[in-house]
Amino acid sequence: MSSTNTENWMKDIGVLDLTGVGGGSTSAAKKITALVVDDDSVNQTIHSKMLENLGIQNQVVRNGKEAVDLHSSGNNFDLILMDMDMPVMNGIEATRKLREMGVRSIIAGVSTCTRDEREQKEFMESGLDDFQEKPLTTPKLVSILHKLNKKC
C-alpha cells in the first residue's frame, strides 16, 4: 500500500486529521498505540512493522503474562494484537485477565487457523473484539482499525 493510499484510508476511518495542517503533511489526530503479543519472532516483526508503516507506535511482548504485567504497571494501549497459542500464559487467559482488570483496549485475536471451533469460540468469549487468522494482512489490520475508530 502506497503512502498516499495509507493516508487516504486512515483519513476515511478517522485516524488521520488533516485539518489545519499546511504543506501537504499529515498529523495524527490521536496517536494510536498498540501492543503485539506473540511468541513467534517472525510474527512479532511482521505485525510490528505493519503497525509502524501505518504510523502506529507499538510494543512487542512474547506471551500473555508479559501483556498483563505491562498493563499492571500502568501501561495502556489502544489496540492489542493477541496470539492464542503462547507459552506461560496463552491468549485466552491473557484476554480474560485483561478484561477482568478493566482494560478497555480493542483486543484482536490474531492466530493461525484452528481446527477446534470450540477453542476459537472460547477465545472470542474471553473478551476479544475481533478475530483474524494469520497471516495478518493490511486489509485485516484495516478491519481491526475500523473497530478502534468506532470505539473512540
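- You'll find the protein chain entered in an unreviewed UniProt entry as Response regulatory domain-containing protein, with Carya illinoinensis given as the organism.

Focus on the packing of helix α3 (residues 64–72) against helix α4 (residues 91–100)
Right, on to step 1. α4 packs onto α3 with a crossing angle of 15° between their chain directions and a minimal axis gap of 8 Å. When the axes of α3 and α4 are compared, the pair comes out roughly parallel. Here α3 and α4 pass one another in a crossing that is right-handed. Only Ala94, Lys97 and Leu98 of α4 make contact with α3, whose side of the interface consists of Gly64, Ala67, Val68 and His71.

Some points on α4
Right, on to step 1. Three or more residues of α4 are buried, namely Gly91, Ile92, Ala94, Thr95 and Leu98. Buried residues of α4, seen end-on, are gathered within an arc of 165° and therefore sit on one face of the element.
Right, on to step 2. Tucked into the core, α4 has its buried residues touching α3, β3 (79–82), β4 (106–111) and α5 (117–125).
Right, on to step 3. Where α4 begins, the capping side chain belongs to Asn90, and its oxygen is found 3.0 Å from the backbone nitrogen of Ile92.

With respect to the packing of aromatic side chains
Right, on to step 1. This structure, assessed with the given rule, holds one aromatic pair.
Right, on to step 2. Considering the side-chain rings of Phe123 and Phe131, the 6.1 Å spacing of their centres and the 80° angle between planes classify their relative orientation as edge-to-face.
Right, on to step 3. In this structure Phe123 comes out as buried when scored by relative accessible area, which is 0%.

Some thoughts on the nonpolar core
Nonpolar side chains tend to gather and get buried jointly when the protein is soluble and globular.
Right, on to step 1. Among the nonpolar cores identified, the biggest contains 20 residues, and Leu35, Val37, Ile80, Met82, Leu98 and Phe123 are the most heavily contacted of them.
Right, on to step 2. Going through the elements one at a time, β1 (33–37), α3, β3 and α4 are the ones with two or more residues in this core.
Right, on to step 3. Aside from chain neighbours lying at most four places away, what touches Phe123 is Met82, Asp83, Met84, Gly91, Ile92, Thr95, Gly109, Leu128 and Phe131.
Right, on to step 4. If you look at the next biggest cluster of nonpolar residues, it comprises 17 residues, including Val110, Leu136, Leu145 and Leu148.

Looking at the side chain of Asn43
Right, on to step 1. You can see Asn43 is positioned in helix α2 (residues 41–53).
Right, on to step 2. Residues contacting Asn43, with those up to four places away along its chain left out, are Asp38 and Lys134.

Quick look at unusual backbone geometry
Right, on to step 1. Omega for the peptide link from Lys134 to Pro135 comes to 5°, which places this bond in the cis form.
Right, on to step 2. Among the secondary structure elements, Pro135 is positioned in the loop between β5 (130–133) and α6 (138–151).
Right, on to step 3. Phi is positive for Val88, close to 70°, though the residue is something other than glycine.
Right, on to step 4. Along the chain, Val88 turns up in the loop between β3 and α4.
Right, on to step 5. Given the relative accessible area of 65%, Val88 is considered exposed.

Conventions we followed
- Residues numbered from 1 in each chain as written.
- Predicted model: local features only at pLDDT ≥ 70, side-chain atom pairs only at ≥ 80, totals over all residues.
- Heavy atoms only, no water.
- Axes fitted to C-alpha atoms, helices over the stretch in contact; angles between N-to-C directions.
- Helix = DSSP H or I, 4+ residues; strand = E, 2+ residues; numbered from the N terminus.
- Parallel < 35°, antiparallel > 145°, perpendicular 65-115°, else oblique.
- Left-handed = near helix turned anticlockwise from the far one by under 90°.
- Contact = heavy atoms within 4.5 Å.
- Buried < 20%, exposed > 50% of the residue type's maximum accessible area, 1.4 Å probe, protein only.
- Arc of directions from axis to C-beta.
- Polar contact = N/O pair within 3.5 Å; in protein donor to acceptor, adjacent residues only side chain to side chain.
- Phe/Tyr/Trp six-rings, centres within 6.5 Å; stacked < 30°, edge-to-face > 60°.
- Core = buried A, V, L, I, M, F, W, Y, C linked by side-chain atoms within 4.5 Å.

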